[in-house]
Amino acid sequence: MSPSPLISIILPVYNAESTLPIALQALLRQTYEAIEIIAVNNGSTDKSQEILDKAMQTDPRLKVLRTENNGVWNARRAGIAAASGDYIGFCDADDIPQPYMYERLIAEARRTNAEITICAFQRVDEITKRVLSTEMTRFGNSIVNIAKDPGILPSINTALWNKLFFAPVLKNSISFDSPPRVLEDMMFLCSLYPYCKVVAFTSEPLYLYTVS
């Protein structure tokens, strides 16, 4: 059996002291063990850095970068540059991946040779914790050759956090001298499609996206 590929998970952090401990716990308790978590503290002025320092002392899989507050685009780019994984995923500091999320996604990525593997997700109310909707289930458990069927692309949600990317493809993402502050996820994702052949979908909701 081939060795387990390393997954790098990039976690941009900005003034997230109230939600960061739960997100970190969810990442550090993933059932897939061959992971590194790269937290990018994007100029936080609260206790986020203290939380990261404490977690880093107890788990060597967590790496912390400190940058100025120059937006989530640049935070993610810094994380990508530091990542050593064969695959790369993203998580927001106020969201919760299911404990088996990356185990499921990497298994599907390896089975299908997909450059991007996508799971369904749930929108969850920040206060009540009620599930508001379950999304990205329409493709079921399927494999799509996007070169042959590019018409599906507008139907794929543009967030990065419910996806696992083959690292060599991800490193082809577009770069800007002055990155956008809106629609940055969409622009980032669309810049990758020319380098992809296969996208794999799983209908199981593996990510909890918090709605404030």
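A short tour of the structure in this document, coming up. (Residues numbered from 1 in each chain as written. Predicted model: local features only at pLDDT ≥ 70, side-chain atom pairs only at ≥ 80, totals over all residues. Heavy atoms only, no water.)

**Quick word on the overall build of the protein chain**
Here comes step 1: If you tally the helices and strands in the protein chain, you get 6 helices and 10 strands.
Here comes step 2: Taking 17 Å as the expected radius of gyration for a compact globule of 212 residues, we find that the protein chain reaches 16 Å, a close match to that expectation.
Here comes step 3: With the principal axes as the frame, the protein chain shows a C-alpha extent of 50 × 40 × 40 Å.
Here comes step 4: Across the 212 residues of the protein chain, 50% fall into the buried class.
Here comes step 5: By element, 52% of the accessible surface of the protein chain is carried by carbon and sulfur atoms, the whole surface being about 10300 Å².
Here comes step 6: Both charge centroids of the protein chain, one from 20 positive and one from 23 negative side chains, sit 4 Å from each other. (Helix = DSSP H or I, 4+ residues; strand = E, 2+ residues; numbered from the N terminus. Rg over C-alpha atoms; globule rule 2.2 N^0.38 Å. Buried < 20%, exposed > 50% of the residue type's maximum accessible area, 1.4 Å probe, protein only. Areas by Shrake-Rupley, 256 points an atom, 1.4 Å probe, with all protein chains shown as cover. Lys, Arg positive; Asp, Glu negative; His and termini not counted. Charge placed at Lys NZ, Arg CZ, Asp CG, Glu CD.)

**Focus on the pattern of salt bridges**
Working definition: two side chains of opposite charge can pair if their charged atoms are close together.
Here comes step 1: Counted according to the given criterion, the structure contains 7 salt bridges.
Here comes step 2: A salt bridge links Glu135 to Arg123; its shortest N-O distance comes to 2.4 Å. Remark: Arg123 occurs in strand S6 (residues 116–125) and Glu135 occurs in strand S7 (residues 131–135); sequence separation between them is 12 residues. (Salt bridge = Lys/Arg side-chain N within 4 Å of Asp/Glu carboxyl O.)

**A short note on the environment of Lys129**
Here comes step 1: In this fold, Lys129 is placed in the loop between S6 and S7.
Here comes step 2: Separated by 40 residues in the primary sequence, Lys129 and Gly89 place their C-alpha atoms 24 Å from one another.
Here comes step 3: A polar atom in the side chain of Lys129 sits 2.9 Å from the backbone oxygen of Glu126. (Polar contact = N/O pair within 3.5 Å; in protein donor to acceptor, adjacent residues only side chain to side chain.)

**Regarding helix H2 (residues 48–58)**
What sets the pattern is the α-helix's 3.6 residues per turn: residues three or four places apart point alike.
Here comes step 1: Taken as a whole, H2 has its buried residues at Ser48, Gln49, Leu52 and Ala55. Buried positions in H2, seen along its axis, are confined to an arc of 130° and lie on one side of it. More than 90 degrees from the buried face of H2, the exposed residues found are Glu50, Lys54, Gln57 and Thr58.
Here comes step 2: At its buried positions, H2 is contacted by strand S1 (7–13), helix H1 (20–28), strand S2 (35–42) and strand S3 (62–67). (Arc of directions from axis to C-beta. Contact = heavy atoms within 4.5 Å.)

**Brief notes about unusual backbone geometry**
Here comes step 1: One non-glycine residue, Asn15, lies in the positive phi region at around 45°.
Here comes step 2: Of note, Asn15 is situated in the loop between S1 and H1.
Here comes step 3: Of the residues examined, Asn15 reaches a relative accessible area of 32% and is grouped as partly exposed.
Here comes step 4: The phi dihedral of Met136 is positive, around 65°, even though this residue is not glycine.

**Comments concerning the environment of Ala93**
Here comes step 1: You can see Ala93 is positioned in the loop between strand S4 (87–90) and strand S5 (96–97).
Here comes step 2: The exposure class of Ala93 is buried, given its relative accessible area of 8%.
Here comes step 3: Expressed as a C-alpha distance, the spacing of Ala93 and Cys196, which sit 103 residues apart in the sequence, is 28 Å.
Here comes step 4: Leave out the neighbours within four places in its chain, and Ala93 touches Leu11, Pro12, Val13, Ala16, Thr19, Leu20 and Ala23.

**Points about a nonpolar patch on the surface**
Here comes step 1: Together, Leu183, Met186 and Met187 line one region of the surface with nonpolar side chains, adding up to about 260 Å² of accessible area.
Here comes step 2: Relative to the helices and strands, Leu183 resides in the loop between helix H5 (167–170) and helix H6 (184–190). (Patch = residues over 30% accessible without salt bridge, like charges linked within 9 Å, V, L, I, M, F, W, Y side chains within 5 Å.)

**Quick word on the pairing of strand S9 (residues 163–166)**
Sheet faces and side chains relate simply in a regular strand, where the side chains alternate between the two faces.
Here comes step 1: In this sheet, S9 lies alongside S4 in antiparallel orientation, the contact comprising 3 bridges. In the sheet register, Gly89 faces S9, and the bridge partner there is Leu164. (Pairing = 2+ DSSP bridges.)

**Details of the pairing of S1**
Here comes step 1: Most of S1 sits inside the fold, with 7 of its 7 residues counted as buried.
Here comes step 2: Alternating positions in S1 separate into two faces, Ile7, Ile9, Leu11 and Val13 on one and Ser8, Ile10 and Pro12 on the other, with burial throughout.
Here comes step 3: Bridging between S1 and S2 involves 7 bridges; their strand directions are parallel. Each residue of the ladder has a partner; that of Ser8, found in S2, is Glu36.
Here comes step 4: For the segment spanning S1, H1 and S2, crossover handedness is right-handed.
Here comes step 5: As paired elements, S1 and S4 share 4 bridges and run parallel to each other. Bridge pairing in S4 links Ile7 to Tyr87. (Right-handed = clockwise from strand over helix to strand, strands pointing away.)

All we've got here are geometric facts, nothing functional implied.
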